[in-house]
Protein chains: 2
Amino acid sequence: MRNNREEQREGLKTRLIDAAEARIAAAGLNGLKARDITADAGCALGALYTAFDDLDRLILHVNSRTLARLGAALQAAVLPGQGPRAVMAALAQGYVSFALGNFRLWAALFTHRLPEGIEAPAWHRDEHAVLIAQIIAPLGQLRPDLEGAALRQRALTVFAAVHGVVMLALTARFVATPRDQLPGEVAALVEAMTRGLAE
Amino acid sequence: MRNNREEQREGLKTRLIDAAEARIAAAGLNGLKARDITADAGCALGALYTAFDDLDRLILHVNSRTLARLGAALQAAVLPGQGPRAVMAALAQGYVSFALGNFRLWAALFTHRLPEGIEAPAWHRDEHAVLIAQIIAPLGQLRPDLEGAALRQRALTVFAAVHGVVMLALTARFVATPRDQLPGEVAALVEAMTRGLAE
DNA sequence: AGACAATAATGAACGTTGTTCAGGAAATAA
DNA sequence: TTATTTCCTGAACAACGTTCATTATTGTCT
């Protein structure tokens, strides 16, 4: 067998990511323990460190999956033939739905922190493009004066604003937006932004 | 001496909060260790647990100080006689300045998480009111149709939007807003929101 | 002042983490 | 088969937050 070795290795990696994903979904990032993961994956504790450099790298792979699913969800949220404001509104509601329906995995995208001074690998950083990719086109229609880097930058700001509202509503330790009011507040924000942007 | 005992106790608490605050400012929440704190405060490891229930409670007191300073900074950012949009813009820029100038302590306000299911005490939750207190008046002028809880709720949304942009710019692991562009992006967001809100 | 009681501080020890590493098992090559 | 390379194992390690029996300190009463 030519690639039996590599196949087994990939199989182990996949089982570890599966187990970590399930644990995060069930108990959050704080509830993620190396010993639980390896027990679920059916391997020894040390095996985790033959497959990944450390736990942070494994979490990166879980987040990678979540980003892919989020990207697909956002793509599905937009209907063809919608005007730019309707697209923005649909994207925002799609984001809210995903966050509510995948709370702990979605939260892990933003609460996981690498040790200071250590950067995420480029392949993973690039995956975050799905967060703003779909905003660029409708924003460009509302703001024809923006192009290239400036347009991309403003799309990131629009995303960050919506994200901030969702994040604070779902994870705040102080007076938070009730969950049933979240879609309405996000809609109002996006409407105000798009109206203000279009002038 | 009547209250010598209590004075000493308060003195220890203060030294512990001082030490924890300095450690967070220097190395972030992740760099905060009980042994470092007690060494800096000049007491034994166990003393920390005679003054506070646990490390989380100590961090709460550090965050309490930060919130007070943030509230003062926001108050100082607003000049008398400004119109509602100018007030909103000034508050946003004040928030950006505080986050940049007190990065790790500011970040600790939002990255610190209590164990799941455990709520922050009421006295600390109430302190977060400074985040939205100053937004309510100018927002009420821009939106006379909003009152009471609805106005308060919308102010929280406006804060969360600005906060999201700042947070993502300063702590993002992916393509982030460059720091020198942050004030401009925040200004554009607030302007779009206030313009969209006004009519 | 002196003796007793109540309280607080000490630091060694505990349990739980992530991570490592010498040894053994398994797969490939000869 | 035998040799060699590769990977997996799980006991051991270091660092962490937290606890607790012991010691020291403070306040109170005679």
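Residues numbered from 1 in each chain as written. Chains lettered and ligands numbered in written order. Predicted model: local features only at pLDDT ≥ 70, side-chain atom pairs only at ≥ 80, totals over all residues.

When its secondary structure is counted, chain A shows 10 helices and zero strands. Going residue by residue from the N terminus, the α and β elements of chain A occur as α-α-α-α-α-α-α-α-α-α. Expressed along its principal axes, the backbone C-alpha trace of chain A runs to roughly 60 × 45 × 35 Å. In chain A, buried positions account for 36% of the 199 residues. For chain A, long-range pairs separated by at least 24 residues make up 61% of all intrachain contacts whose partners lie at least 6 apart in sequence. (Helix = DSSP H or I, 4+ residues; strand = E, 2+ residues; numbered from the N terminus. Buried ≥ 20, exposed ≤ 12 C-beta atoms within 10 Å, placed from the backbone. Contact = placed C-beta atoms within 7 Å.)

Close to DNA strand D lie 21 residues, the nearest being A:Ala44, A:Gly46, A:Thr50, B:Asn4 and B:Asp54. Mapped by element, the contributors of at least two residues to the surface near DNA strand D are α1 (4–27) of chain A together with α1 (4–27) and α2 (34–41) of chain B. For the surface near DNA strand D, the leading source of residues is α1(A), giving four residues. (Near = placed C-beta within 6 Å.)

Residue and element names in this part refer to chain A. Here chain A is partitioned into domain 1 (1–52) and domain 2 (56–198). At the junction of the two partners, domain 1 supplies nine residues and domain 2 supplies 11 residues. For the side of domain 1 that touches domain 2, the residue count by class is seven nonpolar, one polar and one charged. (Domains from an automatic or database assignment. Nonpolar A, V, L, I, M, F, W, Y, C, P; charged D, E, K, R; others polar.)

Time to look at the interface of chain A and chain B. Each partner contributes to the interface: chain A provides 34 residues, whereas chain B provides 33 residues. The element best represented in the side of chain A that touches chain B is helix α9 (residues 148–171) of chain A, accounting for 11 residues. Split by residue class, the side of chain A that touches chain B holds 15 nonpolar, 10 polar and nine charged.

Residues and elements named next belong to chain A. Closest axis-to-axis distance for the α1/helix α4 (residues 55–77) pair is 9 Å, and the angle between their directions is 75°. For the element pair α1 / α4, the angle class is roughly perpendicular. In this structure, α1 uses Leu16, Ile17, Ala20, Glu21 and Ile24 to contact α4, whose residues at the interface are Leu58, Ile59, His61, Val62 and Arg65. Looking at the contact of α1 with α4, its residues break down into seven nonpolar, one polar and two charged. (Axes fitted to C-alpha atoms, helices over the stretch in contact; angles between N-to-C directions. Parallel < 35°, antiparallel > 145°, perpendicular 65-115°, else oblique.)

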